[in-house]
Amino acid sequence: MQARERSTEQAGLAAHAHGVLRIDLQSLKENWRRLAKRVAPAECGAAVKANAYGLGIEPCARALWEAGCKTFFVALPQEGGDLRTLLPEATIYVLSGLLPGSAPLYLASRLIPSLSSPEEIEEWAVATRARGGRPGAALHVDTGMNRLGLSREQVQALQSSPALKSIEVGLVMTHLACADDPSSPMNTRQLGAFMALRARLPNAAASIANSAGIFLGREFHCDLVRPGIALYGGNPFLEGENPMSPVVELTATLLQVRHIAEGETVGYGATWRAERPSRIGVVSSGYHDGLRRSLAGGPALAYIGGLKAPIVGRISMDLLTIDLTDVPPELARRGTAVELMGAHITVDDVARWAGTIPYEILTGLGSRHARLYSPADSSR
Ligand SMILES: *Cc1c(COP(=O)(O)O)cnc(C)c1O
């Protein structure tokens, strides 16, 4: 479809949408290129699990591929199958490992499981024995996270395992528990543990770093890095400057403006009381759309016409309310777009206001938004 027609279609969609999510694929590509440059000669992959952190795996993975990314990480084989259809030549790792009984799915879509238990290794060995070409696998070793991954004892025991000898290990990886805090001693402890375990395993490429891990230093880059959140513009660190460019803008529509008297309350639970005659804007976005209830009662803001409008009262499923008293009436009319993330509000701000992390905000943005991509995703 022509880019122009496509953007007209996009505009039409936006007009009827509850909220509009604008995803800047150019910034996504720039973020990937910046990280790729930083880690070279190590390879830079991309975590696109959970529908590319809620932003849409198809356009995002395609843009990343165009930027030069060849290696992708998904959580589940289903996600990997979808991605395979989109990118026939990509290398695709499944981070949740080999799901029981699902090896045929991996083989059919040429997915590489990240094996993290002796049972998974055994099952993969049996499933691949019958196949020629020795399909690749990754080994995930645990170095202190205690989530997925082979323990030190299991790695030790595996040295004499026929199953391990019969599979093709292309990558050995671990995952950092505290990379978002560069001062944590856990980081170098895990690096040391990883190097020791790696020496006991088949000779293969190595991978440690997620987004934050990339910024911990060269020794964390190894052969391949696995950034996710940084690509999508979230701050990989708990504190301090965000080194990445924003990718997401979220706007909703002002549905109604109402005038209330001093002393009146707004919303469920009557939690917010007007201390002066006020103008309240009702906005077409709520917790179903990822505007979490925990945003209420704190410093959370929206912007309208570039001016601040505090979020007041509880957040409902489909609606939220903002205080427009200090915004000139001509800037805040029925139908006006309200910025919930964008030029003035980062995903990190929203996460902080809601008491969570940008990952949870992005992946929680809900299915109801029109997702508009710029430049328009014209290849569909
Ligand atoms: C999600 C994930 C990543 C990406 O993490 P970010 O913090 O988003 O960069 C990397 N590795 C593993 C194992 C993951 O689960």
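Residues numbered from 1 in each chain as written. Predicted model: local features only at pLDDT ≥ 70, side-chain atom pairs only at ≥ 80, totals over all residues. Heavy atoms only, no water.

Visitor: Help me understand the site of the ligand in this model?
Guide: Near the ligand, the surroundings consist of 14 residues, among which Lys 49, Tyr 53, Ser 211, Gly 228 and Tyr 359 are the closest. One nitrogen or oxygen atom from the side chain of Arg 226 is found 2.9 Å from a nitrogen atom belonging to the ligand. In the model, an oxygen atom of the ligand is placed 2.8 Å from a nitrogen or oxygen of the Ile 229 main chain. About the coverage of the ligand: the protein hides 93% of its 390 Å² of free accessible area. The residue makeup of the shell around the ligand, split by class, is 7 nonpolar, 4 polar and 3 charged. (Near = heavy atom within 4 Å. Polar contact = N/O pair within 3.5 Å; in protein donor to acceptor, adjacent residues only side chain to side chain. Areas by Shrake-Rupley, 256 points an atom, 1.4 Å probe, with all protein chains shown as cover. Nonpolar A, V, L, I, M, F, W, Y, C, P; charged D, E, K, R; others polar.)

Visitor: What is the right way to look at the packing of aromatic side chains in this model?
Guide: How two aromatic rings sit relative to each other is set out by the distance from centre to centre and by the angle between their planes. This model, assessed by the stated rule, comprises 5 aromatic pairs. Residues Tyr 106 and Trp 124 carry aromatic rings whose centres are separated by 6.2 Å and whose planes lie at 70° to one another, so their mutual orientation is edge-to-face. A residue pair is termed long-range when its members are at least 10 positions apart, and Tyr 106 in helix α6 (residues 103–108) and Trp 124 in helix α7 (residues 118–129) qualify at 18 residues. The same class applies to Tyr 106 and to Trp 124, which are both buried. Note on Phe 215 and Phe 237: the rings are 5.5 Å apart at their centroids and 75° apart in plane angle, and the pair reads as edge-to-face. Of this pair, Phe 215 sits in the loop between α11 (211–214) and β10 (224–225) while Phe 237 sits in the loop between β10 and β11 (248–260), and the two are 22 residues apart along the sequence. (Phe/Tyr/Trp six-rings, centres within 6.5 Å; stacked < 30°, edge-to-face > 60°. Helix = DSSP H or I, 4+ residues; strand = E, 2+ residues; numbered from the N terminus. Buried < 20%, exposed > 50% of the residue type's maximum accessible area, 1.4 Å probe, protein only.)

Visitor: It is not clear to me how the packing of helix α2 (residues 25–39) against helix α4 (residues 57–67) should be interpreted in this structure. Could you clarify?
Guide: Orientation of α2 relative to α4, taken along the N-to-C sense of each, is 50°, at an axis distance of 9 Å. Here α2 is positioned oblique relative to α4, judged by the angle of their axes. Taken as a pair, α2 and α4 cross one another with a handedness that is right-handed. Contact residues: α2 offers Leu 25, Leu 28, Lys 29, Trp 32 and Arg 33, while α4 offers Pro 59, Cys 60, Ala 63, Leu 64, Glu 66 and Ala 67. Among the residues forming the contact of α2 with α4, the class breakdown is 8 nonpolar, no polar and 3 charged. (Axes fitted to C-alpha atoms, helices over the stretch in contact; angles between N-to-C directions. Parallel < 35°, antiparallel > 145°, perpendicular 65-115°, else oblique. Left-handed = near helix turned anticlockwise from the far one by under 90°. Contact = heavy atoms within 4.5 Å.)

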